[in-house]
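Remarks on the overall topology
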Amino acid sequence: MNSSSLTPSSSIPTPHPLTWGGVECQNLADEFGTPLYVFDTGKIKARCRELRETFIDRWPNTAVRYASKAFLIKEMARLINREGLGLDVVSLGELYTALQVGFPPEDIEMNGNAKSRDEISLAVSSGVGRIIVDHPDELRTIEDLAREKGVKQKILIRVAPGVDAHTHAYIATGKTDSKFGFPADASEGSMLAEALKYSMRSEHLEMTGLHFHVGSQLFDPDDNVRGLAKTIELVKELKDSFGFVTRELNCGGGFGAVINPSVPPVKCASFTDPMMNLLYADCKRYDLEIPRVIIEPGRWVISEAGITLYRVENIKELPKLTYIAVNGGMADNPRYALYQAEYEAVAVKDIDAPIYDPGDGTKFSIVGKCCESGDILIDDAKLPKLSAGDVIALYNSGAYTFSMSSRYNRLQRPAVVFVENGEAKLVSKRQSLEDMIKDEI
Ligand code: LLP
């Protein structure tokens, strides 16, 4: 055999396996099992840095509260704390998780449209920085509990600014008829005016300002700008009519995440700069003090850093339709089922392998193992030819997947691994069968 016969022919390209955080995804799947949520913490930290450098450091008197509903486990709360950001929580579970890892309570705010007394009680007793009030009844509960504890609780009132954001209807939250927030009407006798007067009279409530959030997975910064413009009008009315000075404005989150790593990501500043420019201009125009500005991004911080690994269980070829069934699905990612969310997948063994197209219009659907026809991950996937046992990765699946996972069909909750600089760390174990039944009597 001469040496040239050992040289690979230039016509056979070398496979290009998918790595995430410097770790080969095939190895992650083999070591930790699938489905598997994998987060590149380097990418999460880069987003936190971008928030600090292009928002907090660029604009005075600003802060970020990561919306933990997008993804929260203990290690994520620790990371956010180390990165110098605060946390937005909406439930006993999210607040408890944060407190368990020693998250500074003053950097936590509690949101939510139907807070229970227990939730408000833990928030007040643990000393959370702010409670965002969504209903007039909450005022009395917060006041009672703050009185019991002998404290004055800082609050903001959430308003629905009447903005129909460009996104899926289920995740648009700023319309006038939204279930969230107080209607944006500051006239005498309105819900907002009454709540404001109540809190201004109370010894145990410190009303600091207003909150709005127009929706999620936004790509048009104008959605937030319109929400802010309306909210500043309210700030002016509250000052003129009731002498109330808004010291804080929370503008919510919503910045969108892109489908795969080759698409340029949304810049934080493309959302925050237009909002801050408007704020400065309008405050000057209306002769208002510039309030502290808080934002609450969730998806943008985490989604593109996360991928989900699945193993192909089987492939079913029907006329013009091929089902690629994987060992997860709507129980670990219900987002297609709920919002027809679009995803892209790659075969981890070779991300450059040519897309398989038999040329007869066959559609390839990636489906899960749950007992529903709507259990779809990607309706019309573009992938190389796959076989049972192959591992695929779903890009941009870090947000609202683990956090919205369910126990449907009694599937075990997948594990979570953090990767960075070639190292992998298990941060949440796959749910065991014993754990699945441990609370059952
Ligand atoms: N602030 C408030 C008050 C919110 O309601 C939300 C999201 C956020 C901040 C964070 O929004 P983000 O920056 O993550 O877009 N399950 C849906 C998304 C629901 C968002 C709910 N609220 C999904 O999977 O797309």
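Here goes a summary of the coordinates provided. (Residues numbered from 1 in each chain as written. Predicted model: local features only at pLDDT ≥ 70, side-chain atom pairs only at ≥ 80, totals over all residues. Heavy atoms only, no water.)

Next up on the list: the packing of aromatic side chains. Per the stated rule, a full pass over the model turns up 10 aromatic pairs. Where tryptophan 59 meets tyrosine 280, the ring centres are 5.6 Å apart and the plane angle is 40°; that geometry is what we call tilted. With tryptophan 59 in the loop between helix 2 (41-56) and strand 4 (62-67) and tyrosine 280 in helix 9 (residues 268-286), this residue pair connects regions lying 221 residues apart in the sequence. Each residue in the set Tyr37, Phe39, Phe71, Phe402 and Phe418 is aromatic and connected to the rest through ring pairs, giving one cluster. Above the face of the tryptophan 20 ring, lysine 43 is positioned so that its terminal group lies 4.2 Å from the ring centre. Looking at arginine 47, its charged tip hangs above the ring of tryptophan 300, at a distance of 4.7 Å from the centre. (Phe/Tyr/Trp six-rings, centres within 6.5 Å; stacked < 30°, edge-to-face > 60°. Helix = DSSP H or I, 4+ residues; strand = E, 2+ residues; numbered from the N terminus. Lys NZ or Arg CZ within 6 Å of the ring centre and 35° of its normal.)

Here we take up the site of the ligand. Close to the ligand lie 19 residues; Ser216, Glu296, Arg299, Arg335 and Tyr400 are nearest. Interatomic distance of 2.8 Å between a backbone N/O atom of glycine 298 and an oxygen atom of the ligand. Contacts to the ligand include tyrosine 339, whose side-chain N or O atom sits 2.8 Å from a nitrogen atom. Protein burial of the ligand: of its 590 Å² of free accessible surface, 92% is covered by the chains. Looking at the shell around the ligand, its residues break down into six nonpolar, eight polar and five charged. Here the shell around the ligand gathers at least three residues from each of two domains, domain 1 (15-39 + 304-426) and domain 2 (72-297). (Near = heavy atom within 4 Å. Polar contact = N/O pair within 3.5 Å; in protein donor to acceptor, adjacent residues only side chain to side chain. Areas by Shrake-Rupley, 256 points an atom, 1.4 Å probe, with all protein chains shown as cover. Nonpolar A, V, L, I, M, F, W, Y, C, P; charged D, E, K, R; others polar. Domains from an automatic or database assignment.)

All right, on to empty space enclosed by the protein then. Under the defined criterion, the tally for this structure stands at three cavities of 30 Å³ or more. Estimated volume of the largest cavity: approximately 60 Å³. Listing elements by their share of the lining of the largest cavity, those giving two or more residues are strand 7 (130-133), strand 11 (248-250) and strand 12 (292-295). When the residues that make up the lining of the largest cavity are grouped by side-chain class, the tally is three nonpolar, one polar and five charged. The volume enclosed by the second largest cavity comes to roughly 40 Å³. Contributing to the lining of the second largest cavity are Val235, Lys239, Phe244, Val245, Thr246, Leu288 and Glu289. (1 Å grid on protein atoms, 1.4 Å probe; cavity = no way out; pocket = protein on both sides within 12 Å on 5 of 7 lines; lining within 4 Å. Points joined across faces, edges and corners; volume = space filled by probe spheres on them.)

Relative to the 20 Å expected for 14 residues at 1.5 Å per residue, helix 6 (residues 136-149) spans 21 Å between its end C-alpha atoms, a close match to the ideal helical length. Residues Pro136, Glu138, Leu139, Thr141, Ile142, Glu143, Leu145 and Ala146 constitute the buried set of helix 6. The inward-facing, buried residues of helix 6 contact helix 5 (117-126), strand 7, strand 8 (153-160), strand 9 (182-183), helix 7 (191-201) and strand 10 (205-211). (Expected span 1.5 Å × (residues − 1). Buried < 20%, exposed > 50% of the residue type's maximum accessible area, 1.4 Å probe, protein only. Contact = heavy atoms within 4.5 Å.)

Threonine 34 connects to proline 35 through a cis peptide bond whose omega is -10°. Its place among the elements puts proline 35 in the loop between helix 1 (25-32) and strand 3 (36-40). Phi at glutamine 340 is positive, roughly 50°, even though this residue is not glycine. The backbone of arginine 410 sits at a positive phi, close to 50°, despite the residue not being glycine. Assignment of secondary structure puts arginine 410 in the loop between strand 18 (391-394) and strand 19 (415-420).

This part takes up the packing of helix 7 against helix 8 (residues 221-242). With their axes 12 Å apart at the nearest point, helix 7 and helix 8 run at an angle of 60° to one another. The angle between helix 7 and helix 8 falls in the class oblique. Helix 7 and helix 8 meet at a crossing whose hand is right-handed. Where helix 7 abuts helix 8, its residues Leu192, Ala193, Leu196, Lys197 and Met200 lie against Leu234, Leu238 and Phe242. (Axes fitted to C-alpha atoms, helices over the stretch in contact; angles between N-to-C directions. Parallel < 35°, antiparallel > 145°, perpendicular 65-115°, else oblique. Left-handed = near helix turned anticlockwise from the far one by under 90°.)

Moving on, we come to the packing of helix 6 against helix 7. Following both chains from N to C, one finds helix 6 and helix 7 inclined at 10°, their axes separated by 10 Å at the closest point. By the angle class used here, helix 6 and helix 7 are roughly parallel. The residues of helix 7 that touch helix 6, namely those facing Pro136, Leu139, Arg140 and Glu143, are Met191, Ala195, Tyr198 and Ser199. Here the residues of the contact of helix 6 with helix 7 are counted per class, giving five nonpolar, one polar and two charged.

Once that is clear, we can look at the environment of valine 163. Inspection of the secondary structure puts valine 163 in the loop between strand 8 and strand 9. By relative accessible area, valine 163 is classed as buried at 3%. Spatially, the C-alpha atoms of valine 163 and aspartate 240 are 24 Å apart, while their sequence positions differ by 77 residues. If near-sequence neighbours (up to four positions away) are discounted, valine 163 is found in contact with Gly174, Lys175, Val214, Asp223, Arg226 and Gly227.

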